[in-house]
Amino acid sequence: MKRILGNSIGTALACSIAVLAFQLPATAKTASQTADLAMKAEAVPDEGIYQMYQNRSWLWGRNGAGYFAAQRRQFSAWTSDKGKLGYGDGIWFIPGGGKVCFRAKWHGAGGDSNALTCFEHRQAGRVIYQRKLPDGDWYVFRSSHRNLADESMKLKHGDYVSWKQKRIKARD
């Protein structure tokens, strides 16, 4: 019985390694293809960027969220890094060329700091590509067909930030 179980585990491990070995080049090829497609695509117009982000919260899973208020283009966020909570307040703006940026003062366990973060968007048909500037990898932000795995699905209409941010500020 032990021999059969041992052989089964060994076979499963070997198959897993083989599958991974075949997937790595495919993933690299896919990333390269995505970058090529993104570079050939057109920059999303400023109005498209505004419609995509205005009055929406970008949910970062358990790591936080950022809210892009239309009023005075206020940006607010909360973050969690290894259980350490922080928050940021600032503005968001559209410098053109398919970009959205937010400049915020961040407050956390490590102290306060200012940061500017920008993302670039390009569109080919109904597909939107995104990358973090200055040198992030391109990825599909929004597929041509609704895909729950798309990053764009993490943009939710409404303010999902203020309540959590107020709780974090109250602890300070």
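Residues numbered from 1 in each chain as written. Predicted model: local features only at pLDDT ≥ 70, side-chain atom pairs only at ≥ 80, totals over all residues. Heavy atoms only, no water.

Undergrad: Please explain the pairing of strand 2 (residues 56-59) as it appears in this structure.
TA: Regular strands show a simple pattern: their side chains alternate between the two faces of the sheet. For strand 2 and strand 3 (residues 64-68), the ladder comprises four bridges, and the chain directions are antiparallel. Bridge pairing in strand 3 places Leu-59 opposite Ala-65. (Pairing = 2+ DSSP bridges. Helix = DSSP H or I, 4+ residues; strand = E, 2+ residues; numbered from the N terminus.)

Undergrad: I would appreciate a short explanation of the pattern of salt bridges in the present structure.
TA: Pairing is possible between side chains of opposite charge, provided their charged atoms come close. One pass over the full model with this rule turns up four salt bridges. Arg-122 serves as the salt-bridge partner of Glu-120, at 3.3 Å between the closest nitrogen and oxygen. When sorted by exposure, Glu-120 lands in the same class as Arg-122, which is buried. A salt bridge links Lys-154 to Glu-151; the shortest N-O distance between them is 3.2 Å. We classify Glu-151 as buried; its relative accessible area is 18%. Each member of the salt-bridge network shares a partner with another, and the members are Glu-120, Arg-122 and Arg-131. (Salt bridge = Lys/Arg side-chain N within 4 Å of Asp/Glu carboxyl O. Buried < 20%, exposed > 50% of the residue type's maximum accessible area, 1.4 Å probe, protein only.)

Undergrad: So what exactly am I meant to see when it comes to the packing of aromatic side chains here?
TA: The way to describe two aromatic rings as a pair is by their centre distance and the angle between their planes. Under the defined criterion, the tally for this structure stands at 10 aromatic pairs. On the numbers, 6.4 Å between centres and 65 degrees between planes, the contact of Phe-75 with Trp-106 is edge-to-face. With a gap of 31 residues between them, Phe-75 in strand 4 (residues 74-81) and Trp-106 in strand 6 (residues 99-108) connect regions that are remote in the sequence. Residue classification places Phe-75 among the buried positions, given a relative accessible area of 1%. Assessed through its relative accessible area of 16%, Trp-106 is described here as buried. Through a chain of ring-to-ring contacts, the aromatic side chains of Tyr-50, Tyr-53, Trp-58, Phe-68, Phe-75, Trp-92, Phe-102, Trp-106, Phe-119 and Phe-141 assemble into a single cluster. (Phe/Tyr/Trp six-rings, centres within 6.5 Å; stacked < 30°, edge-to-face > 60°.)

Undergrad: Whenever I open this one, helix 3 (residues 162-171) confuses me. Can you help?
TA: Residues spaced three or four apart along an α-helix face the same direction, because each turn holds 3.6 residues. Within the sequence span of helix 3, burial applies to Lys-164, Gln-165 and Ile-168. Mapping the buried residues of helix 3 onto a view down its axis gives an arc of 100 degrees, with all of them on the same face. In helix 3, those exposed residues whose orientation departs by more than 90 degrees from the buried face are Lys-166 and Ala-170. Tucked into the core, helix 3 has its buried residues touching strand 4 and strand 5 (84-96). (Arc of directions from axis to C-beta. Contact = heavy atoms within 4.5 Å.)

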